[in-house]
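Chain by chain, the residues run as shown.
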Amino acid sequence: MKLLAKVCRRNGSNIAAAVALACMGIAHGHAQEYPARLIKLVQGFPPGGNVEVVARLLAHEMSKTLGQNIIVESKPGQAGSLAAEMVAAAEPDGYTLLLVSGAHPATAAIYKKLKYDPIDGFAWISTVSFYPFIICVRKESKLQAFADLIGSARNNPGGISSGTAGNGSIAHMTTELVAQKAGVKLLAVPYRGEALAITGLLSGDVDFVIATTSLAVPNIRSGAIRALAVTGKTRWKDLPDVSTVAEAGFSDFEVISWSGLAAPAKTPKPVIDRLHGELTRAINVGEVRARLENTGSEVRAVMPAEMRSLVAQQIAMWSKVAQDAHIELE
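No experiment lies behind these values; they were computed from the predicted model shown.

1. Focus on empty space enclosed by the protein
Moving on, step 1. Counted under the stated rule, the structure contains 1 cavity of 30 Å³ or more.
Moving on, step 2. In this structure, the largest cavity occupies an estimated 80 Å³ of space.
Moving on, step 3. Along the walls of the largest cavity sit 15 residues, with Gly80, Leu99, Val100, Ser101 and His104 positioned nearest its centre.
Moving on, step 4. If you list the elements that add at least two residues to the lining of the largest cavity, you get helix H4 (81-88), strand E3 (96-101) and helix H5 (103-110).
Moving on, step 5. Ranked by residue count, the leading element in the lining of the largest cavity is E3, at 4 residues.
Moving on, step 6. Its residues placed into classes, the lining of the largest cavity shows 9 nonpolar, 6 polar and no charged.

Structure, rendered in structure tokens:
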């Protein structure tokens with residue numbers, strides 16, 4: 001670079017322009033060289049959940065055209081925040097990535113001492129999928145409709161329990177949102193992951209769960225549990241007879257979660273661009289898209305700036321829910 005500056009002075013050239021050209025050359029080098037070794041994709045939830053399914057689908061398909069293997073590493077804890085902390089602190093070189101979920105902004109709203117910035121601590125790449133939740137009860141439950149759930153909560157304040165995937169999970173925050181909208185008190189019971197929450201429901205330890213479609217639907221189809229409502233604005237195509245929370249009298253109610261890909265902040269833009277392109281290609285492969293859609297997802301990629309905006313908006317939304325519910329965790 002010093003030699004370049006000398007040449008620029010000798011020739012009367014604009015150094016800034018030369019430096020810019022040099023940086024473009026370096027960036028081009030990054031794009032051409034990356035990836036040169038194995039990539040690690042970190043996800044923050046126990047095995048068997050929707051987030052892990054998406055992580056493994058992406059890792060398998062993106063490896064094909066990146067020319068390097070992508071391994072999925074699970075680091076469960078605090079609704080995904082331990083995985084986010086690990087990735088935020090990693091070298092920003094594109095070799096450590098995060099499978100982000102809608103729990104990311106929820107945890108940012110209630111955990112006040114996170115060791116990372118939930119927005120600026122990451123280079124956002126793209127979303128993968130968007131999906132609603134299903135409010136479910138076990139088959140023996142006397143609750144036949146969402147209105148019955150709310151009625152029981154009104155008659156028994158704090159006595160109706162919701163099994164959640166942990167404090168700060170979307171299920172936890174959605175439980176609080178339902179309670180606020182309906183003017184009732186619900187008891188959120190944290191489990192170490194969504195699969196264990198459903199086990200708690202089946203064993204009768206909790207009254208209902210707010211579950212992802214990928215885990216709820218197999219149990220609904222087997223008859224083990226029943227769906228009371230869907231949290232999206234519209235009914236879900238595979239459960240057309242199940243009404244939405246909005247249809248049950250809460251017209252402005254909507255909770256949609258999502259999954260996506262991020263890297264540590266300051267990861268070079270050419271690397272982010274490459275990963276964005278590979279992700280977009282991967283989720284449009286017929287088999288991958290079909291598997292994602294079969295979990296109840298709308299498959300959709302967005303630009304990095306749009307994903308960053310989504311995270312910021314949801315942090316603001318969940319922060320209000322947390323504030324109104326007086327939820328704050330260390």
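Following the structure, the description resumes.
2. Observations regarding the layout of surface pockets
Moving on, step 1. If you add up the space inside the largest pocket, you get close to 320 Å³.
Moving on, step 2. Forming the boundary of the largest pocket are 28 residues, of which Phe45, Val51, Ala165, Glu194 and Thr212 lie nearest the centre.
Moving on, step 3. Taken together, the elements giving at least two residues each to the lining of the largest pocket come down to helix H3 (50-66), strand E4 (122-138), strand E5 (161-164), helix H7 (170-182), helix H8 (194-202) and strand E7 (208-212).
Moving on, step 4. Per-class residue counts for the lining of the largest pocket are 15 nonpolar, 11 polar and 2 charged.
Moving on, step 5. Space inside the second largest pocket adds up to approximately 240 Å³.
Moving on, step 6. Together, 16 residues line the second largest pocket, and Pro132, Thr234, Trp236, Gly296 and Glu298 are the ones closest to its centre.
Moving on, step 7. Taken together, the elements giving at least two residues each to the lining of the second largest pocket come down to E4 and strand E10 (298-299).
Moving on, step 8. At 3 residues, E4 tops the list of elements feeding residues into the lining of the second largest pocket.

3. Quick word on the confidence of the model for the protein
Moving on, step 1. For the protein, the mean per-residue pLDDT works out to 89, and 90% of the residues sit at or above 70.
Moving on, step 2. Long-range and interchain partners of residues 1-30, a stretch whose pLDDT sits below 50, account for 11 contacts in this model, where long-range means more than four residues apart.

So, how was this worked out
- Residues numbered from 1 in each chain as written.
- Predicted model: local features only at pLDDT ≥ 70, side-chain atom pairs only at ≥ 80, totals over all residues.
- Heavy atoms only, no water.
- 1 Å grid on protein atoms, 1.4 Å probe; cavity = no way out; pocket = protein on both sides within 12 Å on 5 of 7 lines; lining within 4 Å.
- Points joined across faces, edges and corners; volume = space filled by probe spheres on them.
- Helix = DSSP H or I, 4+ residues; strand = E, 2+ residues; numbered from the N terminus.
- Nonpolar A, V, L, I, M, F, W, Y, C, P; charged D, E, K, R; others polar.
- pLDDT = per-residue confidence, 0-100.
- Contact = heavy atoms within 4.5 Å.

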